[in-house]
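Below are the chains, spelled out letter by letter.
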Amino acid sequence: MNEGGNEEGASQVNKEERYDPTIREELGQADWESVLIPVLKYAHSRAKKFHWLGFSVEPEEMVNEAVSRAYGSGTGGTYRNWNREKYPRLEDFLISIIASMTSHQAEHAERFKMEPLTREDGTQKDLEDMISPAATGSHYPITPEEEILLAEGLESISSKLYDIAEGDEDMGSIVVCLEDGISRPREIAKATGLDKKVVNNKLRTLRRKLKEFRPVLR
Amino acid sequence: MSNDKGKKNLVFIDALTDALGRSEGLSVEEITDELWEEGIDVEATLQRLLVKREEISRAAKRERLEEAKKERLRMEAERPGFLKRISGWTKEQILATIKELAASLDEAVSVSFRDLESKSREDLVALLEDLELAKQRESYDKKENG
């Protein structure tokens, strides 16, 4: 389980816990321009996962849903209470919400079908329908053909990463961390002994090399 | 994708997209540059997100006012006189009671006291109602749990 996944447990709505409306006071005072930039970057990165697997999720919708949940009015009445001790920075709290929404999908991708965000008539589906089917009870068993395509897509991404790391020891160490589910730069730095700046630079290189990547399906 | 390899790859791609999305140690300017590199029109996207954030905030406030209205009616039925009592209060009296109630709650509440003074009386009354409700819930929960 990666750290994004770890955050899922912390972000699930405890039905016995009520939304704390005083959080809105603090949300109202936030410097949203600087808060939203890293959240947008995270949403774009997470959207790639779906894109690589042949599905579409709109990053802006993810950000909006995270903001809605923080305000206590997410899709289907979902909400998240901001734990300031765990996430002193609002951007980290919002990122944890997106990590939760999208990790959930990853965990359920084996059992649930991912669908486009639009209905047949072109209207937009609720994001929750798309990325968190278990939460809504709308479970769709994937077909054996889709299962094969999904597996091939994942295999293709995995192979691409090892190709990128070929001949680059530091990059290789980072890829091994990712394979083990270690995803936070500081945790990668700790696990590999690399400087955090080096980790960030390598991740930037990885991002650039994956920019135009499309999984090869046989 | 029922085999271990498939599961492992899912963890891998999850960690990859998590790692590539993190911005630890990067300034807002650096993150903005990265988004531009990705081909994202940061300014336009940010403006849309800010507008949407305003809408979400307003909708949440409306929702809360609706809830507060329902709760007010319920409170009036359960404790007639509370709302009537505070209706004639000064802003200072409301502020003092908010601080008193917030301090008396078992559950920590996050009230940003430094900005309360700038709030409208309507907002303060709404906050006071929230705290009063929280107090009532605590009393109710204690009674329920013996």
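Residues numbered from 1 in each chain as written. Chains lettered and ligands numbered in written order. Predicted model: local features only at pLDDT ≥ 70, side-chain atom pairs only at ≥ 80, totals over all residues.

Trainee: Whenever I open this one, the nonpolar core confuses me. Can you help?
Mentor: Burial of nonpolar side chains together is a common tendency in soluble globular proteins. Formed by 58 residues in total, the largest nonpolar core has its most connected members in V39, V63, A66, A70, L94, I98 and L178 of chain A. In terms of residue count, helix α3 (residues 32-52) of chain A provides more of this core than any other element does, 11 residues in total. Not counting residues within four places of it along the chain, the set of residues in contact with V39 of chain A comprises V63, A66, E91, L94 and I95 of chain A. Of all hydrophobic cores here, the second largest spans six residues; its members include I98, V125, L128 and A134 of chain B. (Core = buried A, V, L, I, M, F, W, Y, C linked by C-beta atoms within 7 Å. Buried ≥ 20, exposed ≤ 12 C-beta atoms within 10 Å, placed from the backbone. Helix = DSSP H or I, 4+ residues; strand = E, 2+ residues; numbered from the N terminus. Contact = placed C-beta atoms within 7 Å.)

Trainee: What's the story with the environment of S139 of chain B in this structure? I'm lost.
Mentor: Residue and element names in this part refer to chain B. Checked against the element boundaries, S139 lands in helix α6 (residues 121-144). A count of 10 C-beta atoms within 10 Å places S139 in the exposed class. A sequence separation of 34 residues divides S139 from L105, and the C-alpha atoms of the two residues are 9.9 Å apart.

Trainee: What am I meant to see in helix α9 (residues 169-179) of chain A here?
Mentor: Buried residues of α9 of chain A: I174, V175, C177 and L178 of chain A, and no others. In a view along the axis of α9 of chain A, the buried residues occupy a sector of 155°, so they form one face of it. (Arc of directions from axis to C-beta.)

Trainee: Looking at this structure, I do not really get the packing of α3 of chain A against helix α4 (residues 59-70) of chain A. What am I missing?
Mentor: Helix-helix packing is characterised by the crossing angle of the two axes and by the distance between the axes. All names here are of chain A. The N-to-C vectors of α3 and α4 enclose an angle of 125°; their axes lie 8 Å apart at closest approach. In this view, α3 runs oblique relative to α4, as classed from their interaxial angle. Seen from above, α3 lies across α4 with right-handed handedness. Packed against α3, whose contacting residues are L36, V39, L40, A43, H44, R46 and A47, the element α4 presents P59, M62, V63 and A66 at the interface. Tallied by class, the residues present in the contact of α3 with α4 amount to nine nonpolar, one polar and one charged. (Axes fitted to C-alpha atoms, helices over the stretch in contact; angles between N-to-C directions. Parallel < 35°, antiparallel > 145°, perpendicular 65-115°, else oblique. Left-handed = near helix turned anticlockwise from the far one by under 90°. Nonpolar A, V, L, I, M, F, W, Y, C, P; charged D, E, K, R; others polar.)

This is a description of form; function is not addressed.
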